[in-house]
Each structure stands twice: as structure tokens, then as C-alpha cells.
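# Analysis of the macromolecular model
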Amino acid sequence: MGQWTQSGQMGRLRVLRPRLAQVAARIAVLTREDLERARDASRDREQATQALYKIARSQRLRLRFLARDLYTCWLCGRIEGSCVRPVCDQVEPHRGDVARFWAGPFQTLCKSCHDGDKQRMEWWIR
Ligand SMILES: [Zn+2]
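Given the structure is predicted, the values throughout are model-derived calculations rather than measurements.

Reading guide: rules and limits
- Residues numbered from 1 in each chain as written.
- Predicted model: local features only at pLDDT ≥ 70, side-chain atom pairs only at ≥ 80, totals over all residues.
- Helix = DSSP H or I, 4+ residues; strand = E, 2+ residues; numbered from the N terminus.
- Buried ≥ 20, exposed ≤ 12 C-beta atoms within 10 Å, placed from the backbone.
- Contact = placed C-beta atoms within 7 Å.
- pLDDT = per-residue confidence, 0-100.
- Expected span 1.5 Å × (residues − 1).

### Notes on the overall build of the protein chain
Per the secondary structure count, the protein chain includes 4 helices and 2 strands. Scanning the protein chain from its N terminus toward the C terminus, one meets helices and strands in the order α-α-β-α-β-α. Counting every position in the protein chain, which comprises 126 residues, the buried fraction comes to 8%. Residue pairs in contact within the protein chain that sit at least 24 positions apart in sequence constitute 54% of those at least 6 positions apart.

Shown next, in the form of C-alpha cells:
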């Protein structure tokens, strides 16, 4: 029984050694630059996916709040008919903080209020 096990392991080792040599040969072909390039490509793909996800999610969020506010600007009361012009605005500036970006609160502003009055107010608050 003991002898059988030993010869079995030896047999396995004999099979394993050439395979290890094949794997080692494959690893040796990859240079450090190859690995870095592969890592960068994977990171780029991840970032692109994240960006697409954010765009889709932020568009859904924007439409939800524009509908809630009936496309009416919170500052001047103007109703923007077009889906493109009204801005779903972050009431408090998120300043690049992702958690704050999604948390809101949000308000609908017409483009001129968003680009004019709101920017000026934020400038003063800063
Ligand atoms: Zn307005």
C-alpha cells in the first residue's frame, strides 16, 4: 500500500515537472512592461465601465428629479419645456465627493439660473 502511494506520487511528480517547465516558459515570455500594460488596460476598461455606469445612473436620476419638479426652475419659476435645457442641480456642491454627488439633495434649475445666479451664490459661499 505504502509502496503504491510512493510510486503514485513519483508518477505525478514526473508529470508535474514538464508542466511546470511549460508554465515557467510562459511566464518568462511576459516582461514587466507586458504586465504593466495588461494592468493599465484592465484599469482603463474598469474606468470606462464605471464612467458609462455613472452616465446612465446620473441620467436616470436627472430625469427623475426634473419630472418631480415638473421641469420648473426652483429659483425663477420658469418652466423649461425641452428635456435638454433644465439642469438637475446639486443643492450643495459635491466638490468631487462621489457619495455626496449621489446623495443630493437635487433641484431643477433653468440653464440661465444654473449658470448665472447659482454659480455666483456658490462663489460667495466658498
Ligand atoms: Zn431659473
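Back to the text.
### Let's talk about the environment of K111
Structurally, K111 is set in helix 4 (residues 111-125). Looking at K111, the number of C-beta atoms within 10 Å reads 15, which means it is partly exposed. C-alpha separation for the pair K111 and E80, spaced 31 residues apart in sequence, amounts to 9.0 Å.

### Looking at unusual backbone geometry
Cis geometry marks the peptide bond from G104 to P105, where omega comes out at 0°. Within the secondary structure, P105 is located in the loop between helix 3 (98-103) and strand 2 (106-109). The phi dihedral of L70 falls on the positive side, at around 55°, and the residue is not glycine. By secondary structure assignment, the location of L70 is in the loop between helix 2 (32-68) and strand 1 (87-90). Even without being glycine, Y71 reaches a positive phi, approximately 55°. Here Y71 shows up in the loop between helix 2 and strand 1. Residue class for Y71 comes out partly exposed when judged on the 17 C-beta atoms lying within 10 Å of it.

### Structural notes on the environment of D117
Mapped onto the elements of the fold, D117 is located in helix 4. Among the residues examined, D117 registers 15 C-beta atoms within 10 Å and is labelled partly exposed. When the C-alpha atoms of D117 and L75 are compared, they prove to be 8.6 Å apart, with 42 residues separating the residues in sequence.

### Considering the confidence of the model for the protein chain
Residues with a pLDDT of 70 or more make up 72% of the protein chain, whose mean pLDDT is 77. Looking across the protein chain, the model is least confident in helix 1 (residues 2-29), with a mean pLDDT of 62, and most confident in strand 2, with 92.

### Details of helix 2
The periodicity of an α-helix, 3.6 residues per turn, causes residues three or four places apart in sequence to face the same way. Helix length check: helix 2, at 37 residues, gives a terminal C-alpha distance of 53 Å against a target of 54 Å (1.5 Å per residue), a fit within 8%. Within helix 2, only 0 of the 37 residues are buried, which leaves it mostly out in the open. Following helix 2 by one or two positions, L70 adopts a phi angle in the positive range, close to 55°.

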